[in-house]
Amino acid sequence: DTEVTQTPKHLVMGMTNKKSLKCEQHMGHRAMYWYKQKAKKPPELMFVYSYEKLSINESVPSRFSPECPNSSLLNLHLHALQPEDSALYLCASSQEGTGVPSQETQYFGPGTRLLVL
Amino acid sequence: AQKITQTQPGMFVQEKEAVTLDCTYDTSDPSYGLFWYKQPSSGEMIFLIYQGSYDQQNATEGRYSLNFQKARKSANLVISASQLGDSAMYFCAMRDLRGTGRRALTFGSGTRLQVQP
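Values in this document were obtained by computation on a predicted structure and should not be read as measured data.

Draft legend 1. Highlighting the pattern of salt bridges. In total, this model carries 6 salt bridges over all chains according to the counting rule given. In this structure, A:Arg30 and A:Glu52 form a salt bridge, with 2.7 Å as the shortest nitrogen-oxygen distance. Linking A:Arg30 in the loop between β3 (18-25) and β4 (31-37) with A:Glu52 in the loop between β5 (44-50) and β6 (53-57), this pair joins segments that are 22 residues apart in sequence. With its nearest N and O atoms 2.8 Å apart, the salt bridge here joins B:Asp86 to B:Arg63. On the criterion of sequence distance, the pair formed by B:Asp86 in the loop between β9 (74-79) and β10 (88-96) and B:Arg63 in the loop between β7 (60-61) and β8 (64-69) is long-range, its members being 23 residues apart. With relative accessibility at 23%, the residue B:Arg63 sits in the partly exposed group. One continuous salt-bridge network, built from bridges that share partners, spans A:Lys36, A:Arg63 and A:Asp85.

Structure (structure tokens):
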């Protein structure tokens, strides 16, 4: 089973709203990722959690706040976003520290399409 | 720094024919992994195939095969017997596999494949 789930599928929010994106995996993966993808562009890495600790923050504005409550869940809290933050937000997970690179493939969820008005 | 180049913004192929999607990469890391993902219009990134830099044989997964030429730094995806459902955006990606390396994916700009009946 290589399923990563994300909720909601679509989200429309105003610039003053606070919302959260959720990601869940039950594959026993210990690394989880948030990517942002603008239309017709490749995904861009935002955050990486390894064993529930934030290991990479790609200089993302503070209006995006990640949280990893446990090894299966990853949240992205949104506050005071701008219209240019409208994008597809992808969550991914992978094994970590196996020593076998092919086992550390990142598997993606279906994404949340965010529109900021 | 790692860089992935996909020089074909769009490709057309007739149903049941084979198609090759090009990918070249640049890295100074001795140990790396190369991945291909498919992204339909629904948005989900679907993992297709993986090739490690030290793998002796080209990777194959069903109708997908990877033509890996290490000296040329190329990792082209070959799809045999194209199907209408293969119409999607295809991304080549790379990841540093060193224990202390940056383990997130670097993506190319993508190739949009359209399969014609």
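Draft legend 2. Main features of the interface of chain B and chain A. Contacts between the two partners involve 20 residues from chain B and, on the opposite side, 25 residues from chain A. For the pair chain B and chain A, the summed buried area comes to about 1,700 Å², and 55% of that belongs to carbon and sulfur atoms. Summed over the shared surface of chain B and chain A, the result is 1 salt bridge. Between B:Arg95 and A:Glu104 there is a salt bridge whose closest N-O contact spans 3.1 Å. Contributing elements (two or more residues each) for the side of chain B that touches chain A: β5 (32-39), β6 (46-52) and β10 of chain B. Per-element accounting of the side of chain B that touches chain A gives the leading share, 3 residues, to β5(B). Of the residues contributing to the side of chain B that touches chain A, the split by class is 10 nonpolar, 6 polar and 4 charged.

Draft legend 3. Layout of the sheet that holds strand β8 (residues 73-79) of chain A. Residue and element names in this part refer to chain A. Spatially, the 4 strands line up as an open sheet ordered β1-β3-β8-β7, and their pairing is antiparallel. Two strands in the sheet have a free side with no partner beyond their single neighbour: β1 (4-7) and β7 (64-70). Across the sheet, the mean angle separating the axes of adjacent strands is 20° when strand polarity is ignored. Of the strand pairs in this sheet, β3 and β8 are connected by 7 bridges, and their pairing is antiparallel. In the sheet register, Glu-24 faces β8, and the bridge partner there is Leu-73.

Draft legend 4. Up close: the pairing of β6(B). All names here are of chain B. The buried count for β6 comes to 5 of 7 residues, which makes it a mostly enclosed element. Across 6 bridges, the pairing between β5 and β6 is antiparallel. Paired with Tyr-37 across the bridge in β6 is Phe-47. Between β5 and the antiparallel strand that follows it, β6, lie 6 residues; Gly-43 among them carries a positive phi value of about 110°.

What counts, and at which threshold
- Residues numbered from 1 in each chain as written.
- Chains lettered and ligands numbered in written order.
- Predicted model: local features only at pLDDT ≥ 70, side-chain atom pairs only at ≥ 80, totals over all residues.
- Heavy atoms only, no water.
- Salt bridge = Lys/Arg side-chain N within 4 Å of Asp/Glu carboxyl O.
- Helix = DSSP H or I, 4+ residues; strand = E, 2+ residues; numbered from the N terminus.
- Buried < 20%, exposed > 50% of the residue type's maximum accessible area, 1.4 Å probe, protein only.
- Contact = heavy atoms within 4.5 Å.
- Buried area = accessible area lost by both parts, 1.4 Å probe.
- Nonpolar A, V, L, I, M, F, W, Y, C, P; charged D, E, K, R; others polar.
- Pairing = 2+ DSSP bridges.
- Axes fitted to C-alpha atoms, helices over the stretch in contact; angles between N-to-C directions.

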